[in-house]
Amino acid sequence: MKEEIYRTVCPGCGIGCGLYIREDEQGKVSVDFLKSSPVNLGKLCRFGMKLPNYYSGSTSSMLDGQECDTEDSVKAAASRLKGADKVAMLSVGNTTCEEQMAFAKLAETLGTLVHTGIDTYNEIPPEYYSYLDGESLENLEEASKIVLFVDPYVQYPLLVRKLLAAKQKGAHITAVGTAELHLANETKNLSPEHYEELGLDNDSVIITDVHLHTNKDHVRQLLNLSLDTGAKIHFIKPFVNSEGANRLVEDKAKVCSIPQILDEIEEGNIKTLFLL
């Protein structure tokens, strides 16, 4: 049986787990393990294993009940929305990459942008945007000190593997907060003015996340900590494919939070809200 095999990266939380996507002659999609991937060594979480469920039936676009090219469906959607007054578009990324790209093309056609709800970017200078996009986790195992502002057991199970491997190589892991983590060497409940007690340097890594409900002051504090100490910082985006949605937004400084969008609706500045 002839099949197509694609080497790719999971469009999930943003850790960047490698995998193979297989497609047979009938278009059925399955997942295979990419053991050479330095991030996950072939392991996948439950979302990664269920990727075929997200891609089933989403390989083509529909227009009036008929299959068509994505470009045609985007043009048709744009034509029907052109009469809508004061359009806003919102996607937090819970879609396939293909659907998100079509949504972004539609926004471009309408002369607007896709709001992701992650408005943290409009609080920091553009030269720091790359920090929020995250450092690679490929070299995490070589860090001498790792500071966690997240609980990896809750939402990032494959991150635990990397942390345990780093610990076996001598990394000292500190969890910041009140919850004690089994894999951490210590837990410290610190306020920002006492972050210097962490003793970070160029061989250190800070791991945190950024999402719809992130405290923007907290993000600024951690960015400053990274810049002051030379420690690398990695921001993970926890919602499915929110990393992909975020990277398709060209002007991140104009992205509104969910409360801001609701305020704009109340004030009449948004008359049509298009959700993906």
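Before reading further, recall that the structure is shown in the block above.
Quantities reported herein were computed from a predicted structural model and do not represent experimental measurements.

Glancing now at the pairing of strand E3 (residues 29-33). As paired strands, strand E2 (residues 18-24) and E3 are joined by five bridges and run antiparallel to one another. When the sheet's bridge partners are listed, Glu23 is paired in E3 with Val29. Between E2 and E3, which follow one another and run antiparallel, lie four residues, and Gly27 among them has a positive phi close to 85°.

Relative to the assigned elements, Ser37 resides in the loop between E3 and helix H1 (46-49). Given the relative accessible area of 5%, Ser37 is considered buried. For Ser37, the side chain forms a polar contact with the main-chain nitrogen of Gly18, separated by 3.3 Å. Sequence-distant contacts of Ser37, that is, excluding residues within four places in its chain, are made with Cys17 and Gly18.

Moving on, we come to the packing of aromatic side chains. Taken as a whole and assessed by the stated rule, the structure comprises four aromatic pairs. Here the aromatic rings of Phe149 and Tyr195 are separated by 5.6 Å at their centres, their planes lie at 70°, and the arrangement is edge-to-face. On the criterion of sequence distance, the pair formed by Phe149 in the loop between strand E8 (145-148) and helix H6 (152-155) and Tyr195 in the loop between strand E10 (186-188) and strand E11 (204-209) is long-range, its members being 46 residues apart. For the cation-ring pair, Lys252 lies above Tyr121, with the distance from its terminal atom to the ring centre recorded as 5.6 Å.

Consider a sheet: its strands pair through backbone hydrogen bonds, and that pairing is either parallel or antiparallel. Here five strands make up an open sheet; going across it, the order is E10-E9-E8-E11-E12 and the pairing parallel. Taken across any chain shown, the strands that pair with only one partner, and hence form the sheet edges, are E10 and strand E12 (232-236). The mean inter-strand angle of the sheet, taken between neighbouring strand axes irrespective of direction, is 20°. Pairing analysis gives four bridges linking E8 to strand E9 (residues 172-176), with the strands arranged parallel. Directly across from Val147, in E9, lies its bridge partner Thr174. Contacts from helix H7 (residues 157-168) reach E8, E9, E11 and E12, with the element oriented near 145° to E8.

Bringing the packing of helix H3 (residues 70-81) against helix H4 (residues 97-110) into the picture now. For the pair H3 and H4, interaxial distance at closest approach is 9 Å and the crossing angle is 45°. By the angle between their axes, H3 is oblique relative to H4. Handedness of the H3/H4 crossing: right-handed. Two secondary-structure elements touch here, H3 through Thr70, Glu71, Val74, Ala77, Ala78 and Leu81 and H4 through Ala102, Lys105, Leu106, Thr109 and Leu110.

Spatially, three strands are ordered E1-E2-E3 in an open sheet, and the strand pairing comes out antiparallel. At either end of the open sheet lies a strand with only one pairing partner, and these are strand E1 (3-9) and E3. Pairwise comparison of adjacent strand axes, ignoring direction, gives a mean angle of 30° for this sheet. Pairing of E1 with E2 involves seven bridges; the strand directions are antiparallel. Looking across to E2, one finds that Val9 is bridged to Gly18.

Calculation notes
Residues numbered from 1 in each chain as written. Predicted model: local features only at pLDDT ≥ 70, side-chain atom pairs only at ≥ 80, totals over all residues. Heavy atoms only, no water. Pairing = 2+ DSSP bridges. Helix = DSSP H or I, 4+ residues; strand = E, 2+ residues; numbered from the N terminus. Buried < 20%, exposed > 50% of the residue type's maximum accessible area, 1.4 Å probe, protein only. Polar contact = N/O pair within 3.5 Å; in protein donor to acceptor, adjacent residues only side chain to side chain. Contact = heavy atoms within 4.5 Å. Phe/Tyr/Trp six-rings, centres within 6.5 Å; stacked < 30°, edge-to-face > 60°. Lys NZ or Arg CZ within 6 Å of the ring centre and 35° of its normal. Axes fitted to C-alpha atoms, helices over the stretch in contact; angles between N-to-C directions. Parallel < 35°, antiparallel > 145°, perpendicular 65-115°, else oblique. Left-handed = near helix turned anticlockwise from the far one by under 90°.

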